[in-house]
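# Coordinate analysis (summary)
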There are 2 protein chains.
Amino acid sequence: MLSLEMSPLLTQLENNLMSQFANLFGLPSGSGGVMLSGGTLANLQALVVARNNKLKIKDGNVYSLLQQPVVFTSDVAHVSVVKSCMLMGIGSSNVVKVKSNQNAQMCVDDLILKIDEQIKLGNIPFAIVATAGTTITGSIDPLNEIANIAKRFNLWFHVDAIYGGALIFSVEHKILLNGIELADSISFNPQKWLYVAKTCSMVLFRDFSGMVDNFRITAPYMKDQEHFINLGEITVQGSKYAEVLKLWLSLLGLGISGYQQLILHCYVLRDVFVDKAACRKYLELATNPDTNVICFRIMNSDADQCDLLNEQLQSYLLRQCGFFVSMPKFKGQNWLRVVLINPFITDEIIDELFTKIDWFVQNLN
Amino acid sequence: MLSLEMSPLLTQLENNLMSQFANLFGLPSGSGGVMLSGGTLANLQALVVARNNKLKIKDGNVYSLLQQPVVFTSDVAHVSVVKSCMLMGIGSSNVVKVKSNQNAQMCVDDLILKIDEQIKLGNIPFAIVATAGTTITGSIDPLNEIANIAKRFNLWFHVDAIYGGALIFSVEHKILLNGIELADSISFNPQKWLYVAKTCSMVLFRDFSGMVDNFRITAPYMKDQEHFINLGEITVQGSKYAEVLKLWLSLLGLGISGYQQLILHCYVLRDVFVDKAACRKYLELATNPDTNVICFRIMNSDADQCDLLNEQLQSYLLRQCGFFVSMPKFKGQNWLRVVLINPFITDEIIDELFTKIDWFVQNLN
């Protein structure tokens, strides 16, 4: 997958399929992308291109800038935004965290406030990273409003749709992605909600040839060929796994309608789950879930006690009931997190989980 | 492979195996490393840690520096050094190319000259990247001498042993890696001369906990655990393929002695190949090959004619004889390149290749 010479078919397949995905996201003709081994690399490549494009530093020399560059993202965005800025020489502390609302979505008022603040400080904002499907609660930022703000301040608009990007296949819920068609770049992982085995990730660009101009480092041992550029020269990676093959075969097998049904089933399960949680007074939900990612916990007015109790519940569910529920930190506290993505989950399985949780709560001493 | 919670066995296996590899390279106790999807990412991680360590910018803020940072590598080093510096905000033009000698090895006199020049310019040298096994000719830089220079100027000493690192298993040729034990970091790809399927790469650090301090970006959704750090927090990637499993199984299957024999066989083939090339007056070798990578071509005093002739030979060998010989640019010209790595190559196959080349040359009009 390094070069057209070594991998002619897969290089062309990747090029074509990425253009099609860019179109599915609503990006115009001239858009396209590349595949990478994981979402962190996809976000990294998008932000490097944003930096080189907006700060006019094709050779990426941050030292020569006259003002400190800053990036905006919400306080619940994925850690890869901070990691990318550390890698890129922007500095992890120069990722400005915008407040999120009760549903873990970026507050656009605070975004404007933060941009103004940074401009007053003499820093140079160059990109906003919105999230479509946050890691902890699967929340989707108001993409349309953020796109407008990015346009107003002439900032690069990147959408981390690593998780939620799959909604392009959903007739019923695609509306949640409204505004993504205004993005300068989009990252999306088929290795998540498209059920493709890890690793399988992509980063798409509104202006593909602009990306190439702002990114490409040519390798003397690769031959140039018409139409298709060697993927090793236009991705963060050199050699990489043939991610595209798995994706293409999955699309051939399931088709858009197959994915549509799978995603719809996840939303049915979400509704079942949320109803069951809502009718139990001792439970609370972290957010009103936009997707099939749900965070909940046993309530307790004492914060430490609350964390401990939910840790014990997680351990009980894993050790004694065979349920794995992850336990992320959200707003500094422990929450239990389910991702209703397995197509073989049924109402009965959800019933059983809640029966076990009921038992645990009833038997607290 | 993201976190200890999701992948307890493989996380620990990777940690242990990387320590063992660090020891095989002669790094002291306290050394260790991580695995990545390809050599470019391994070099990137090494250079990011070098930057953060030597320039004392834990949050990686290149803008705040008072002098332009520069990196030194030879003019035949891998393109990933330049790509990494572009990504890192150092700037692709701030990779200072040190001259290589006739055997494509870094000239240490020119290295010292170039370092002095950069200091006089007011720039701040922070790392030297030596190569053990260059991409085009498999050449190995004089590691001991470069290590001494790095020490004298207090520079980070990284060895790109992506290809040649396999020589740690060779009793006869390990001597070529002398000095690698003085490296601050080493990148090595089992996906090459250890015959592990792509992707499989590692980056090793003399001071593992120092690497963690200079690199780690913590993720709130990962739990801290004793002894083992979540790999997602200390690698350029987040999610990644379970590279370690393939490597571990290969080592179980072949063992160190198996690799030793495989590598020895490659050197036997190299000697056969070089002898055959040397006794043909119409051929020339690009270098005296250090490893099993050999560049050669048909000589012709006219440069353009020479390039064309060798292009025609490559095409003839591929289209009519079933031999794939790659054609990199080396010192601005086309060369034919073979990598004698397939254990099923025999003297007879090499004979046949030369018979075809002889035929091609005899039938030139």
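Rules used in this analysis
In every chain, residue numbers begin from 1 and rise along the written sequence. Think of it this way: whatever chain is written first is A, whatever ligand is written first is 1, and the rest follow in order. At least 70 in pLDDT is required for a residue's local features to be given in this predicted model, at least 80 for side-chain atom pairs to be given and counted, and no such filter applies to totals for whole chains, interfaces and linings, which use all residues. Water and hydrogen atoms play no part in the side-chain values, which are based on all heavy atoms of the structure. Starting at the N terminus, helices and strands are each numbered in turn, a helix being any DSSP run of H or I of at least four residues and a strand any DSSP run of E of at least two. As a reference, a globule follows 2.2 Å times the number of residues to the power 0.38, and the radius of gyration itself is taken over C-alpha atoms. Per-residue accessibility, obtained with a 1.4 Å probe over protein chains only, is compared with the maximum for each type, and a residue is labelled buried under 20%, exposed over 50%, and partly exposed between these values. Only residues with pLDDT of at least 70 in both copies contribute their C-alpha atoms to the least-squares superposition of the copies. Reported domain spans reflect what an automatic or database domain assignment gives. Residue contacts are counted whenever heavy atoms from the two residues lie within 4.5 Å of one another. Summed over both partners, the accessible surface that disappears when two parts come together, traced with a 1.4 Å probe, is what is meant by buried area. The criterion is simple. A nonpolar core is a set of buried Ala, Val, Leu, Ile, Met, Phe, Trp, Tyr and Cys residues joined through side-chain atoms within 4.5 Å. A pair of strands is treated as paired once DSSP finds two or more bridges between them. Axis definition: a line fitted to C-alpha atoms, limited for helices to the stretch in contact. Angles are taken between N-to-C directions and run from 0 to 180 degrees. Angles below 35 degrees are treated as roughly parallel, those above 145 as roughly antiparallel, those between 65 and 115 as roughly perpendicular, and all remaining angles as oblique. Polar here means any residue outside two lists: the nonpolar Ala, Val, Leu, Ile, Met, Phe, Trp, Tyr, Cys and Pro, and the charged Asp, Glu, Lys and Arg; Gly therefore counts as polar. A pair is scored as a salt bridge if a Lys or Arg side-chain nitrogen falls within 4 Å of a carboxyl oxygen belonging to Asp or Glu. For the purposes of these results, a polar contact is taken to be a pair of N or O atoms within 3.5 Å, where, inside protein, one atom must be able to donate a hydrogen and its partner to accept one; residues adjacent in sequence count only when each atom of the pair is a side-chain atom. Per-residue confidence from the predictor is reported as pLDDT, a score between 0 and 100. The sense of a crossing depends on the near helix, which, turned anticlockwise from the far helix by less than a right angle, makes the crossing left-handed and, turned clockwise, makes it right-handed. Two rings from Phe, Tyr or Trp (for Trp, the six-membered ring) form a pair when their centres are within 6.5 Å of each other. A pair whose planes differ by under 30 degrees is stacked, one over 60 is edge-to-face, and the rest are tilted. Sitting over a ring, as applied to charges here, requires NZ of Lys or CZ of Arg to be within 6 Å of the ring centre and within 35 degrees of the ring normal.

On to the overall build of chain A. When helices and strands are tallied, chain A shows nine helices and 12 strands. Here the C-alpha atoms of chain A give a radius of gyration of 22 Å, agreeing with the 21 Å that 2.2 N^0.38 yields for 365 residues. Taken along the three principal axes of its C-alpha coordinates, chain A extends 70 × 55 × 35 Å. The buried share of chain A, taken over its 365 residues, is 62%.

With that settled, consider the relation of the copies chain B and chain A. Placing chain B over chain A gives an RMSD of 0.0 Å and needs a rotation angle of 180 degrees, together with 0.0 Å of translation along the axis. A rotation of that kind, with that shift, is consistent with a two-fold axis.

Time to look at the domain arrangement of chain A. Residue and element names in this part refer to chain A. Taken domain by domain, chain A comprises domain 1 (8-252) and domain 2 (255-362). Placing a centre on the C-alpha atoms of domain 1 and another on those of domain 2 gives a separation of 30 Å. Opposite the 30 residues of domain 1 that make contact, domain 2 presents 25 residues. In total, about 2400 Å² of surface goes out of reach between domain 1 and domain 2, with carbon and sulfur atoms giving 63% of it.

Our focus in this paragraph is the nonpolar core. Core analysis: the largest hydrophobic core is formed by 79 residues, its most contacted members being Met 211 of chain A together with Met 211 of chain B. Ignoring anything within four residues of it in the chain, the contact list for Met 211 of chain B reads Val 34, Gln 45, Val 49, Phe 205 and Ile 234 of chain B. Formed by 56 residues, the second largest nonpolar core is a distinct cluster that contains Val 108, Ile 128, Ala 130 and Trp 193 of chain A.

Take the sheet that holds strand S2 (residues 69-74) of chain B next. All names here are of chain B. Reading across the sheet, the seven strands line up as S1-S7-S6-S5-S4-S2-S3 and stay open at both edges, with mixed pairing between neighbours. Edge strands, defined here as strands with exactly one partner in the open sheet, are strand S1 (32-36) and strand S3 (95-98). This sheet shows a mean twist of 20 degrees between the axes of neighbouring strands, independent of strand direction. In this sheet, strand S7 (residues 201-205) lies alongside S1 in antiparallel orientation, the contact comprising five bridges. Along S7, the bridge assignment pairs Val 34 with Val 203. Where helix H6 (residues 208-215) meets the sheet, its contacts fall on S1 and S7, and the angle it forms with S1 comes to roughly 55 degrees.

Looking now at the packing of helix H2 (residues 39-54) of chain A against helix H3 (residues 79-88) of chain B. The N-to-C vectors of H2 of chain A and H3 of chain B enclose an angle of 70 degrees; their axes lie 10 Å apart at closest approach. Our classification of the angle between H2 of chain A and H3 of chain B gives roughly perpendicular. Judged by residue contacts, Val 48, Arg 51 and Asn 52 of chain A of H2 of chain A engage Met 86, Leu 87 and Met 88 of chain B from H3 of chain B. A per-class count over the contact of H2 of chain A with H3 of chain B returns four nonpolar, one polar and one charged.

This next bit is on the interface of chain B and chain A. Listed by partner, the interface residues are 58 residues for chain B and 58 residues for chain A. For the chain B and chain A pair, buried surface summed over both sides reaches about 4600 Å², with 59% attributable to carbon and sulfur atoms. Along the contact surface separating chain B from chain A lie zero salt bridges. Summed over the shared surface of chain B and chain A, the result is 19 residue pairs in polar contact (both at pLDDT 80 or more). Broken down by secondary-structure element, the contributors of at least two residues to the side of chain B that touches chain A are helix H2 (39-54) and H3 of chain B.

This part is about the sheet that holds strand S12 (residues 336-339) of chain A. Residue and element names in this part refer to chain A. Read across the open sheet, the three strands follow the order S8-S9-S12; overall the sheet is antiparallel. Where the open sheet ends on each side, the last strands, each with one partner, are strand S8 (283-285) and S12. Each neighbouring strand pair of the sheet contributes to a mean axis angle of 30 degrees, computed without reference to strand direction. By the bridge criterion, four bridges tie strand S9 (residues 293-298) to S12 in an arrangement that is antiparallel. Looking across to S12, one finds that Cys 295 is bridged to Arg 337. Sitting on the sheet, helix H7 (residues 243-278) is in contact with S8, S9 and S12, with an inclination near 15 degrees to S9.

Turning to the confidence of the model for chain A, a few remarks are in order. Here chain A shows a mean pLDDT of 94. Residues at 70 or above account for 98%. In the predicted assembly, ipTM is 0.95 and pTM is 0.96.

This part covers the packing of H7 of chain A against helix H9 (residues 347-362) of chain A. Residue and element names in this part refer to chain A. Packing of H7 against H9 brings their axes to within 10 Å, and their N-to-C directions diverge by 25 degrees. Between H7 and H9, the angle is such that the two are roughly parallel. Of the two elements, H7 crosses H9, and the hand of that crossing is right-handed. Contacts between H7 and H9 pair Leu 269, Val 272, Phe 273, Lys 276 and Ala 277 from the former with Asp 347, Ile 350, Asp 351, Leu 353 and Phe 354 from the latter. Taken together, the residues of the contact of H7 with H9 break down into seven nonpolar, no polar and three charged.

What follows covers the packing of aromatic side chains. In this description, an aromatic ring pair is defined by two values, namely the gap between the centres and the angle between the planes. What the rule picks out here adds up to 23 aromatic pairs over all chains. Arranged with centres 6.1 Å apart and planes meeting at 75 degrees, the rings of Phe 330 of chain B and Trp 335 of chain B form a pair that is edge-to-face. For Phe 330 of chain B, a relative accessible area of 4% puts it in the buried group. The rings of Phe 21, Phe 25, Phe 169, Phe 188 and Tyr 259 of chain A are connected pair by pair, giving a single aromatic cluster. For Arg 297 of chain A, the ring lying beneath its charged end belongs to Trp 335 of chain A, and the centroid distance is 4.0 Å.

This part is about the side chain of Ser 74 of chain A. Within the secondary structure layout, Ser 74 of chain A lies in strand S2 (residues 69-74). Those residues in contact with Ser 74 of chain A that sit more than four places away from it in its chain are Lys 97, Val 98, Met 106 and Val 129 of chain A.

Looking now at the pairing of strand S3 (residues 95-98) of chain A. Bridge count for S2 of chain A against S3 of chain A is four bridges, and the pairing is parallel. Its bridge partner being in S3 of chain A, Phe 72 of chain A is matched across the sheet by Val 96 of chain A.

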